[in-house]
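Chain by chain, the residues:
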Amino acid sequence: TTTTTTTTRTPGNGPVQATTVPSAAQNQQKQQRRGGAAALSAAAKQAASSQSEISIQELMEAYRGATAKLDLEFASLEAQLGKDAENVSFAQLRNHVIVVHVGEILVASARVERGSRDDAAMIIAQSTFKAMCEPRALEPPVRLETLAIVLAATAHISQSLSVREEVINWIGFLPVRTEAERYLHSHVLARLLGVDLLDVTELDGYLAMNIDGDRSQPWFEIALGVIEIAVARYRLAAFPHDFPRLANNLEVVARSPHPPPALRRLVAALSAAEQNRLKQQATTAVQQGTPRGPQPQLAQPQQPQLALPQRRTVPRDPPGAQEHVTQLLEQWIRVWNESPGSEKAYASYLALLAQHGVPRADVSTERFVRLAARACVDNAKRRLEAQQQKRRQQGNKNNDDDIDTIDYTVIDAYAKLLVLIIKYGGGTENSQAIRLALLNRVLTTLTNTLLDEYDAAHKNNEKAVCLEQRPYFRIFIDLLHDLNVPDPMLDSSNPRVICAFATCFHALQPSVLPVFAFSWLELISHRMFLPNVLLIKNQKGWIIMHRLLVDLFVFLEPYLRRIELTDAIRTLYKGTLRVLLVLLHDFPEFLSDFHHSFCDLIPSSCIQLRNLFLSAFPRSMRLPDPFTPNLKVDLLPEISQPPRVLSNCVAALDAFDLRESLDEYLRTRHPISFLLELPRKLTKIAINTKEKDVSSYEIPLVNALVVHIGTTAIAQLHAKSQAGASAGPIAHSAPMDVFQHLTNNLDAEGRYLLLNAIANQLRFPNQHTHYYSCVILFLFAESTDQFVKEQITRVLLERLIVHRPHPWGLLITFIELIKNSRYAFWSHDFTHCASEIERVFESVARSCMGPQHILSSNQDTTIGSTAAAAAPASA
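Since this is a predicted model, take the numbers as computed values, not measurements.

What to know about the overall build of the protein chain
Now for step 1: Secondary structure summary: the protein chain contains 37 helices and 2 strands in total.
Now for step 2: Within the protein chain, the fraction of its 875 residues that count as buried is 52%.
Now for step 3: For the protein chain, the proportion of contacts with a sequence separation of at least 24, taken over those separated by at least 6, is 74%.
Now for step 4: About 40,800 Å² of surface is accessible on the protein chain, with carbon and sulfur atoms providing 52% of the total.

Quick notes on the pattern of salt bridges
Now for step 1: Scanning the model with the defined rule gives 24 salt bridges in all.
Now for step 2: One salt bridge connects D71 with R136, and the closest N-O pair in it is separated by 3.3 Å. With D71 in helix α3 (residues 56-81) and R136 in the loop between α5 (117-132) and α6 (141-158), the pair connects residues that are 65 residues apart, well separated along the chain.
Now for step 3: Look at D71 and you get partly exposed, because its relative accessible area is 24%.

Quick word on helix α19 (residues 495-507)
Now for step 1: The end-to-end C-alpha distance of α19, which contains 13 residues, comes to 18 Å, matching closely the 18 Å that a straight helix rising 1.5 Å per residue would cover.
Now for step 2: Taking burial as the measure, the 13 residues of α19 include 10 buried ones, the bulk of the element.

Some remarks on the packing of helix α18 (residues 470-484) against α19
Now for step 1: Here α18 crosses α19 at 170 degrees, and the two axes come no closer than 12 Å. Taken as axis vectors, α18 and α19 run roughly antiparallel relative to one another. Taken together, the residues of α19 that come into contact with α18 (itself represented by F476, L479, L480 and L483) are F501, C504 and F505.
Now for step 2: Tallied by class, residues from the contact of α18 with α19 come to 7 nonpolar, no polar and no charged.

What about the nonpolar core?
Now for step 1: Within the largest apolar cluster, 107 residues are counted, with the highest numbers of intra-cluster contacts made by F505 and F529.
Now for step 2: Of all the elements, helix α22 (residues 542-562) adds the most residues to this core, at 11 residues.
Now for step 3: Not counting residues within four places of it along the chain, the set of residues in contact with F505 comprises F476, L480, W520, L523, I524, F529 and L548.
Now for step 4: Within the second largest apolar cluster, 80 residues are counted, among which are V102, M122, V188 and V195.

What about the packing of helix α29 (residues 672-681) against helix α31 (residues 734-745)?
Now for step 1: Viewed as axis vectors pointing N to C, α29 and α31 meet at an angle of 50 degrees, and their least axial separation amounts to 10 Å. Here α29 is positioned oblique relative to α31, judged by the angle of their axes. Pair α29 / α31 crosses with right-handed handedness. Between α29 and α31, the residues in contact are L675, L676, L678 and P679 and D737, V738, H741, L742 and N745, respectively.
Now for step 2: Residues of the contact of α29 with α31, tallied by class, amount to 6 nonpolar, 2 polar and 1 charged.

Some thoughts on the side chain of R610
Now for step 1: Mapped onto the elements, R610 comes out in helix α26 (residues 607-614).
Now for step 2: It is E798 that comes nearest to the buried, bridge-free R610 among opposite-charge side chains, at 4.8 Å.
Now for step 3: R610 has contacts with C599, I602, P603, S604, N756, N760 and R799, leaving out every residue within four places of it along the chain.

Focus: the packing of aromatic side chains
Now for step 1: Counting across every chain of the model gives 21 aromatic pairs.
Now for step 2: With a centroid separation of 5.8 Å and an interplanar angle of 35 degrees, the aromatic rings of Y665 and F674 are classed as tilted.

A look at the environment of Y559
Now for step 1: Following the sequence through the fold, Y559 ends up in helix α22.
Now for step 2: Along the primary structure Y559 and R570 are separated by 11 residues, whereas in three dimensions their C-alpha atoms are 9.6 Å apart.
Now for step 3: Setting aside its immediate chain neighbours within four residues, Y559 contacts E564, L565 and I569.

What to know about the environment of H718
Now for step 1: By secondary structure assignment, the location of H718 is in helix α30 (residues 699-722).
Now for step 2: Along the chain, H718 and S640 lie 78 residues apart, while their C-alpha atoms are 9.9 Å from each other.

Details of the confidence of the model for the protein chain
Low pLDDT means the predicted coordinates in that region are not meant to be read closely.
Now for step 1: The share of residues in the protein chain with pLDDT of 70 or more is 79%, and the mean pLDDT across the chain is 79.
Now for step 2: Every residue in residues 686-690 scores below 50 in pLDDT, and together they form 3 contacts with partners more than four places removed in sequence or on other chains.
Now for step 3: Within the model, pLDDT remains below 50 along residues 853-862, and this stretch shows 28 contacts once partners closer than five positions in the same chain are excluded.

So, a negative patch on the surface
Now for step 1: A grouping of E53, E58, E61 and E113 is seen on the molecular surface, where their side chains present a negatively charged patch.
Now for step 2: Among the structural elements, E61 can be located in helix α3.
Now for step 3: The exposure class assigned to E61 is partly exposed, which follows from its relative accessible area of 46%.

A look at unusual backbone geometry
The phi angle of most residues is negative, glycine excepted, and most peptide bonds adopt the trans form.
Now for step 1: Of the consecutive residues H670 and P671, the connecting peptide bond is found in the cis state with omega at -5 degrees.
Now for step 2: By the element assignment, P671 lies in the loop between α28 (659-668) and α29.
Now for step 3: The linkage connecting R804 with the following residue, P805, adopts the cis geometry, with an omega of 10 degrees.
Now for step 4: You can see P805 is positioned in the loop between α34 (786-798) and α35 (808-819).
Now for step 5: For D196, which is not glycine, the phi dihedral falls at a positive 65 degrees.
Now for step 6: Mapping D196 onto the fold places it in the loop between α8 (179-194) and α9 (200-211).
Now for step 7: Phi at R669 takes a positive value of approximately 65 degrees, unusual for a residue other than glycine.

Brief notes about helix α23 (residues 567-586)
Now for step 1: The first and last C-alpha atoms of α23 sit 29 Å apart over 20 residues, in line with the 28 Å expected at 1.5 Å per residue.
Now for step 2: Turning to α23, its buried residues are I569, L572, Y573, T576, L577, V579, L580, L583 and L584. Within α23, the buried residues cover an arc of 165 degrees as seen down the axis, which keeps them to one side. For α23, the exposed residues lying more than 90 degrees away from the buried face are D567, R578 and H585.

Some details on the environment of L147
Now for step 1: Turning to its location among the elements, L147 is positioned in helix α6.
Now for step 2: In this structure the C-alpha to C-alpha distance between L147 and K130, which are 17 residues apart in sequence, comes to 9.9 Å.
Now for step 3: When sequence neighbours within four positions are dropped, the list of residues in contact with L147 reads T128, A131 and M132.

The rules behind these values
- Residues numbered from 1 in each chain as written.
- Predicted model: local features only at pLDDT ≥ 70, side-chain atom pairs only at ≥ 80, totals over all residues.
- Heavy atoms only, no water.
- Helix = DSSP H or I, 4+ residues; strand = E, 2+ residues; numbered from the N terminus.
- Buried < 20%, exposed > 50% of the residue type's maximum accessible area, 1.4 Å probe, protein only.
- Contact = heavy atoms within 4.5 Å.
- Areas by Shrake-Rupley, 256 points an atom, 1.4 Å probe, with all protein chains shown as cover.
- Salt bridge = Lys/Arg side-chain N within 4 Å of Asp/Glu carboxyl O.
- Expected span 1.5 Å × (residues − 1).
- Axes fitted to C-alpha atoms, helices over the stretch in contact; angles between N-to-C directions.
- Parallel < 35°, antiparallel > 145°, perpendicular 65-115°, else oblique.
- Nonpolar A, V, L, I, M, F, W, Y, C, P; charged D, E, K, R; others polar.
- Core = buried A, V, L, I, M, F, W, Y, C linked by side-chain atoms within 4.5 Å.
- Left-handed = near helix turned anticlockwise from the far one by under 90°.
- Lys, Arg positive; Asp, Glu negative; His and termini not counted.
- Phe/Tyr/Trp six-rings, centres within 6.5 Å; stacked < 30°, edge-to-face > 60°.
- pLDDT = per-residue confidence, 0-100.
- Patch = residues over 30% accessible without salt bridge, like charges linked within 9 Å, V, L, I, M, F, W, Y side chains within 5 Å.
- Charge placed at Lys NZ, Arg CZ, Asp CG, Glu CD.
- Arc of directions from axis to C-beta.

In structure tokens, the structure reads:
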């Protein structure tokens, strides 16, 4: 077996590393290792052809009987082999009775009545997948492999894409909460890849989207586990060749000052696997007596290198490929200009492309799309340079109307050709699945072409990368427009089409391709994309849009945090605000439901930006006027309803292994050492001293802590009321003990972040708004430290002095604070320490309370009886 070894550059100044690309022989071996599900299904069909048909009920009886026998055999196998059972594969069980029982399931599936075969396959697939998700599925590991083979063979028997599509949907519900669940999750994904129920490109995109850089620690562990299992252990794929998006994410993580230990272990495992492969190859060569010759030298550092290879290598084209593709493209442009809309002419040209392997052959299709895109972009650049040269010769330097005008004729023709290839390139077998596969292939090729051009520009000019983004932007916009036209063949309202574009945009996010940031923002907010994503049935597209907006804020966050607002960043920020205002008007529930994860990303200095998320409320709700005199907030019907939160609010707690101990303390108030050590656990282990503006606290952890404490407290109060007992005050409870302890023991920065996290929950009328409003007022009333009161006032006030919108819960909390005489707000020195500060307070107070004199007001807005019962001075 031979391998093709190419050298790629690593980020920064790291050593050059080798990337192993699988050869044809290795790909053949990979197919042989994938369990032979197709062969088993073919044998089952042949055996079933001579037997009578059965019903679905009879099938299920046979399935239950066979799976019970399999359970006994696996238990016996594990008892006989002990630890050696972990190394047994299904291929080694060729003469074992386990294979017989698997055959019983498949033959029974093939005997089902033809009209019910698809339904039967779906029932068997559901039961088998459920068994794969059980903890005992890895006892021993060959059990999971066997179940995956049964699942794949069932799909082959039904000859329906529905089983495979459902499997792709089912993996989204695999649990990720505990370490054991994540371990099993990784093995399930690897086994599904091994039997071709998951495509490696789909798996790469699935993991890259969920890992979210390094922000989702559970998914980070799952991704590393999949790579270790699928690449290092079973050699089902090559890394990074088959996982370009995931490799790009891991590369970013590897650049951090303190890469996770799990990433180090993965690199070590991959290095060890590669060394073992080379040793086996050398041993085979010696045994066969073949001359080894010069071998490609792989980088063998003494310690594992964390500078991972980049996405992929630029493929080598045969001589004359660019000229040949250019000729085909020119011929298409003539057809497009001379016979616009002629189906006969278009079909004739598609037949010509088919003679050259487009789109039947993956390599030929990728080469044609890539080289044609490059030719179109180069043509646009040449025309632009010619216009600029002509203008300079004419001396029209000040005519801004003609500057940077691009002729998009060739690009529009090229985009039209791509649409025809996607819709009709499959010929007579042009099914929906084939068209979607073509769309993914085209978008992936365009993405890689753009990234390759950026890499080339970056390599030639390290300091200032100039990339003309408009031609590529035009191609993507043309595809969105043409595929959005109502068409039974393919249209962008199809969720799979939208997901294909979203995956492409995620790969081109500003953190990866900064010079494409403006075009990228226009693409994700385009009227042909954004509404279609958010209007997918059952809101399945919300997580897609959430991920893209997270990509945007990940890029903006360092600039906003350091307040490095160049003209470009300022313009991008204004564009972001406009997109959010559109979402606030048309899809406010989207912003509201994901407010937690966005607050993790938005720097504390971006107050107005954060207010946009916190001001969103469901369109079905009508907000009470917060300025209504004697407003009884606790009597509002909405105040007893919990808000819907789609963000994972406990991911940070799980990542820092804090959730279990926190739940234990909130339930028992023990051990007391947990409360004493909590402030230290919220701080970062290591701080990059070069970044003076970086917080010394784990902000997502602080936010998650506050939300989890509040939801637990609300659940405890609700449980007491359901039991018939009085809910009681929020004071002298375990949740309030935590809040008070942190308020009194954190330093100024930590306390500010804590109060900000509480204020982030002051939104529209709901349970959380009511509870956290009571909490913040209670902390103000009970604190004996003037600095704490001043910080609470600052957190509330700075959110009100910016431009609208202002969250409803923030308004009613601040009104209660300054209006209720119980808090003696105006008697504190910080309210009149300077004339400028005093005028700010009076201005805000007039806006909140009207023109009447502030100090003489003694009316109550009554935030809630819960806080009122907590202490005499609380609301």
